[in-house]
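# Overview (structure and organization)
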Amino acid sequence: DAGVIQSPRHEVTEMGQEVTLRCKPISGHDYLFWYRQTMMRGLELLIYFNNNVPIDDSGMPEDRFSAKMPNASFSTLKIQPSEPRDSAVYFCASVRGVGGYTFGSGTRLTVV
Amino acid sequence: AQSVSQHNHHVILSEAASLELGCNYSYGGTVNLFWYVQYPGQHLQLLLKYFSGDPLVKGIKGFEAEFIKSKFSFNLRKPSVQWSDTAEYFCAAASGGSYIPTFGRGTSLIVHP
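All figures in this text were calculated on a predicted structure; none of them were measured in a lab. (Residues numbered from 1 in each chain as written. Chains lettered and ligands numbered in written order. Predicted model: local features only at pLDDT ≥ 70, side-chain atom pairs only at ≥ 80, totals over all residues. Heavy atoms only, no water.)

### As for the packing of aromatic side chains
Under the counting rule described, the total for this entry stands at 21 aromatic pairs over all chains. Consider the rings of Tyr31(A) and Phe33(A), whose centres lie 6.2 Å apart with planes at 15°: the pair is stacked. Side by side, Tyr31(A) and Phe33(A) carry an identical accessibility label, which is buried. Plain terms: the ring middles of Phe103(A) and Tyr36(B) are 5.6 Å apart, the flat faces sit at 85° to each other, and that makes the pair edge-to-face. Note that Phe103(A) is positioned in strand β10 (residues 102-103) and Tyr36(B) in strand β5 (residues 31-38), a pairing that runs across two chains. By relative accessible area, Phe103(A) is classed as buried at 3%. On the basis of relative accessible area, Tyr36(B) is assigned to the buried category, the value being 0%. (Phe/Tyr/Trp six-rings, centres within 6.5 Å; stacked < 30°, edge-to-face > 60°. Buried < 20%, exposed > 50% of the residue type's maximum accessible area, 1.4 Å probe, protein only. Helix = DSSP H or I, 4+ residues; strand = E, 2+ residues; numbered from the N terminus.)

As structure tokens, this is what we get:
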């Protein structure tokens with residue numbers, strides 16, 4: 001099992017540019033979550049999907065953020081346009097049923 | 001609102017010292033509880049979890065946690081820490097049957113060799 005796979009590991013972009021983060025959950029997991037981690041705010045849940053359907057996106061900070069899950073093995077988190085305050089580590093996690101999450105290695109985003 | 005409190009933000013210990021990290025949650029009903037560890041520069045990994053049964057849960061790397069329902073607590077313990085335990089530790093709680101845990105703010109543990 002390769003675990004939850006995220007790409008890229010690091011992303012440096014200029015303010016105003018579009019950023020796309022990618023996640024491949026563990027096969028068979030029916031829930032997928034996107035989190036953002038910063039020193040100031042800790043770990044924040046942005047959005048989660050169940051069987052590819054977005055269930056709760058109330059944590060998405062602004063309309064600049066969007067997430068999709070076109071199939072069970074792939075999800076994207078897009079920021080357009082990006083701003084310096086979006087700089088953070090973005091984690092994807094998946095789980096099957098009720099249980100402990102498996103987190104991906106994260107994408108460290110720096111917007112300059 | 002549901003919440004998880006980790007009272008110790010920073011803990012510094014010497015190797016071989018005993019560790020106890022506090023965690024309190026605010027749910028009144030059945031609850032699922034978790035401890036995660038995040039080593040420097042890495043992702044969160046599940047240390048242990050409690051759903052039901054024996055309130056003393058044993059996890060990986062010698063960690064254990066005790067669920068005390070009357071105190072709404074799920075403290076993490078290790079009898080003798082090692083330098084390699086230096087990491088951030090997160091407690092999380094979800095109401096029974098929920099897939100969405102609430103995470104605490106984390107406790108930074110530094111172990112001096």
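### Re the pairing of strand β2 (residues 10-14) of chain B
All names here are of chain B. Of the two faces of β2, the one lined by Val11 and Leu13 is fully buried and the one lined by His10, Ile12 and Ser14 carries no buried residue. As paired elements, β2 and strand β12 (residues 107-112) share 5 bridges and run parallel to each other. In the strand pairing of β12, Ile12 is matched with Ile110. (Pairing = 2+ DSSP bridges.)

### Thoughts on the state of the cysteines
Between two cysteines, a covalent bond joining their sulfur atoms is known as a disulfide. Inspection of the entire model under this criterion finds 2 disulfides over all chains. Here Cys23(A) pairs with Cys92(A) through a disulfide, and the sulfurs are 1.9 Å apart. Disulfide Cys23(A)-Cys92(A): the torsion about the S-S bond is -65°, which places it as left-handed. Of this pair, Cys23(A) sits in strand β3 (residues 19-24) while Cys92(A) sits in strand β9 (residues 88-95), and the two are 69 residues apart along the sequence. Between Cys23(B) and Cys91(B) runs a disulfide, and the two sulfur atoms are separated by 1.9 Å. Across the disulfide from Cys23(B) to Cys91(B), rotation about the S-S bond amounts to roughly -65°, and the bridge is consequently left-handed. (Disulfide = S-S within 2.5 Å.)

### Some words on the interface of chain B and chain A
Contacts between the two partners involve 19 residues from chain B and, on the opposite side, 21 residues from chain A. Seen at the junction of chain B and chain A, the total is 0 salt bridges. Taken together, chain B and chain A are joined by 4 residue pairs in polar contact (both at pLDDT 80 or more). Per-element tally for the side of chain B that touches chain A: the top contributor is β5(B), with 4 residues. The residue makeup of the side of chain B that touches chain A, split by class, is 10 nonpolar, 7 polar and 2 charged. (Contact = heavy atoms within 4.5 Å. Salt bridge = Lys/Arg side-chain N within 4 Å of Asp/Glu carboxyl O. Polar contact = N/O pair within 3.5 Å; in protein donor to acceptor, adjacent residues only side chain to side chain. Nonpolar A, V, L, I, M, F, W, Y, C, P; charged D, E, K, R; others polar.)

### Comments concerning the pattern of salt bridges
Residue and element names in this part refer to chain B. Within the structure shown, the criterion is met by 12 salt bridges over all chains. Between Asp85 and Lys78 there is a salt bridge whose closest N-O contact spans 2.9 Å. Here the two residues Asp85 and Lys78 agree in accessibility, since each one is buried.

### Some thoughts on the pairing of β9(A)
Residues and elements named next belong to chain A. The buried fraction of β9 is high, at 8 of 8 residues. Neither face of β9 is open: one carries Ala88, Tyr90, Cys92 and Ser94, the other Val89, Phe91, Ala93 and Val95, and all of them are buried. Direction of pairing for strand β4 (residues 31-38) relative to β9: antiparallel, over a ladder of 7 bridges. Looking at the pairing, Tyr31 lines up with Val95 of β9. Strand direction decides the pairing type here: β9 and strand β11 (residues 107-111), joined by 3 bridges, are antiparallel. Along β11, the bridge assignment pairs Tyr90 with Thr107. Adjacent in sequence and paired antiparallel, β9 and β10 are bridged by 6 residues, among which Gly97 carries a positive phi angle near 65°.

### Comments concerning the nonpolar core
Residues Trp35(B), Leu48(B), Phe74(B), Leu76(B) and Tyr89(B) are the most contacted members of the largest nonpolar core, which totals 29 residues. Elements with a contribution of two residues or more to this core: β2, β3 (19-21), β5, β6 (44-50), β8 (64-68), β9 (73-78), β10 (87-95) and β12 of chain B. Residues within four places of Leu76(B) in sequence aside, it is in contact with Leu19(B), Glu20(B), Leu21(B), Trp35(B), Leu47(B), Leu48(B), Phe63(B), Glu64(B), Ala65(B) and Tyr89(B). Listed in part, the 21 residues of the second largest apolar core include Leu21(A), Leu32(A), Ile47(A) and Ile79(A). (Core = buried A, V, L, I, M, F, W, Y, C linked by side-chain atoms within 4.5 Å.)

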